Amino acid sequence: MDMDIVTAMGKNNIINFLSYYNFKNTTINKIMQLFSHCAFKNPISIDLHSHLLPGIDDGVSTLEESLTIIKKFKSLGYTKLIITPHIISDSYPNTKEIIQKKLLEVQEALKKEQIDIEIEAAAEYYVDMNFLKLIEKDELIPFSGKYLLFETSYLSKPLILEKAIFDMQAKGYIPVLAHPERYRYMYNDIDYYMKLKSLGVLFQMNTKSLRNTSSPVYKMALKLIELGVIDFIGSDAHRIHDVVTLERIISERVYKNIFEKNNILNMFKLI
Ligand SMILES: [Fe+2]
């Protein structure tokens, strides 16, 4: 079947049409099998990890941009977004107060525009000395009351990484490593991924890491999916094009594989 016709009719409509007219016909059943993956419904309705609070990190810069992206998430069936601004002492020294004030601004704008979607704010912590101090003072913004999203340099493993993990756990939090597929210092050391898992670290994979099939990030994402070690899926949306990419990836087979091989915790409700 010509793909332009498929696009014009809508893939789900074609499946419904075929089902209605001749469910038992072998040929039609074969065609239905070919298109069965198109009927896949995104099981994620809570997005975890984005930069949609305006003007406080490298994410959106205006309230208008923020609302446009949030509306796009809603159109894709998302009911809740957990927004995670960067906290990096050198470049984005955000505090709990700054983040909560911005969250309120966006929540009020959503209410005014009658956009019915829940938003929560946490943070994406960069592992540095400032992060250790924040843990010590327990001045942290977890998501769902107990999880802390953190990231490291892409190039080299911080000497304090395992101390940071231990300190987070000692305060009663569950550490969640943002986009594990992006850390080049771990690419030749799959055992280190397994070590982090054995220490109790959960992994949040970025959907947008699946956009470029020739990139090393994509290859590592596939490996982690196959190993069944992914715990959360997130968009890491900074701009509208990230959500457009998300919409495309949701319809691809590789996205469906994630749920067949991993126990994802942010599907319809957050566990
Ligand atoms: Fe991020």
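Residues numbered from 1 in each chain as written. Predicted model: local features only at pLDDT ≥ 70, side-chain atom pairs only at ≥ 80, totals over all residues.

Moving on, we come to the overall build of the chain. Within the chain, the regular secondary structure consists of 11 helices and nine strands. Scored against the burial criterion, the 271 residues of the chain give a buried share of 34%. (Helix = DSSP H or I, 4+ residues; strand = E, 2+ residues; numbered from the N terminus. Buried ≥ 20, exposed ≤ 12 C-beta atoms within 10 Å, placed from the backbone.)

Now for the sheet that holds strand β1 (residues 46–48). A sheet is described by the order of its strands in space; here three strands give the open sequence β1-β2-β4, paired in parallel fashion. Every other strand in the sheet has two partners, leaving β1 and β4 (118–121) as the edge strands with one partner each. Neighbour-to-neighbour, the strand axes of this sheet turn through a mean angle of 15°, independent of strand direction. Where strand β2 (residues 80–83) lies against β4, four bridges are found, and the strand directions are parallel. (Pairing = 2+ DSSP bridges. Axes fitted to C-alpha atoms, helices over the stretch in contact; angles between N-to-C directions.)

The next subject is the sheet that holds strand β8 (residues 202–206). If you trace the six strands from one edge of the open sheet to the other, you get β3-β5-β6-β7-β8-β9, paired in parallel fashion. The sheet is open, and its two edges are formed by β3 (86–87) and β9 (232–234), each paired on a single side. Pairing analysis gives two bridges linking β3 to strand β5 (residues 124–126), with the strands arranged parallel. Bridge pairing links I87 to Y125 in β5.

Before going further, it helps to examine the environment of L134. Tracing the sequence through the fold places L134 in helix α6 (residues 129–137). Along the backbone, L134 and T95 are 39 residues apart, and their C-alpha atoms lie at a distance of 9.8 Å.

With that settled, the discussion passes to the nonpolar core. Among soluble globular proteins, nonpolar side chains are generally buried collectively. Grouped together as the largest cluster of nonpolar side chains are 61 residues, with contacts concentrated most on L52, L81, Y125, L149 and L224. For this core, the element with the most residues is helix α9 (residues 216–227), which contributes five residues. In this structure L224 touches P180, E181, F203, M205, V229 and I230, once residues within four positions along its chain are discounted. (Core = buried A, V, L, I, M, F, W, Y, C linked by C-beta atoms within 7 Å. Contact = placed C-beta atoms within 7 Å.)

On to the environment of G145, then. Along the chain, G145 turns up in the loop between α6 and β6 (147–151). Classification of G145 as exposed rests on a count of 8 C-beta atoms within 10 Å.

Turning our eyes to something else, we now look at the environment of I82. With respect to the element layout, I82 can be found in strand β2. Accessibility expressed as a C-beta count within 10 Å gives 22 for I82, which makes it buried. Residues I82 and L48, spaced 34 residues apart in sequence, show a C-alpha to C-alpha distance of 4.9 Å. Setting aside residues up to four positions removed in sequence, I82 forms contacts with I46, D47, L48, E120, A122 and F143.

Our next topic: the confidence of the model for the chain. With 85% of its residues at a pLDDT of 70 or more, the chain has an overall mean of 89. Here residues 1–26 is a poorly scored stretch, pLDDT under 50, and it has 17 contacts once near neighbours within four places are set aside; other chains count. (pLDDT = per-residue confidence, 0-100.)

The next subject is the packing of α6 against helix α7 (residues 161–170). The interhelical angle for the contact between α6 and α7, taken along N-to-C directions, is 15°, at an axis separation of 9 Å. With respect to each other, α6 and α7 are oriented roughly parallel. Note on packing geometry: the crossing formed by α6 with α7 is left-handed. On α7, the residues that touch F131, L132 and I135 of α6 are A164, D167 and M168. The class makeup of the residues in the contact of α6 with α7 is five nonpolar, no polar and one charged. (Parallel < 35°, antiparallel > 145°, perpendicular 65-115°, else oblique. Left-handed = near helix turned anticlockwise from the far one by under 90°. Nonpolar A, V, L, I, M, F, W, Y, C, P; charged D, E, K, R; others polar.)

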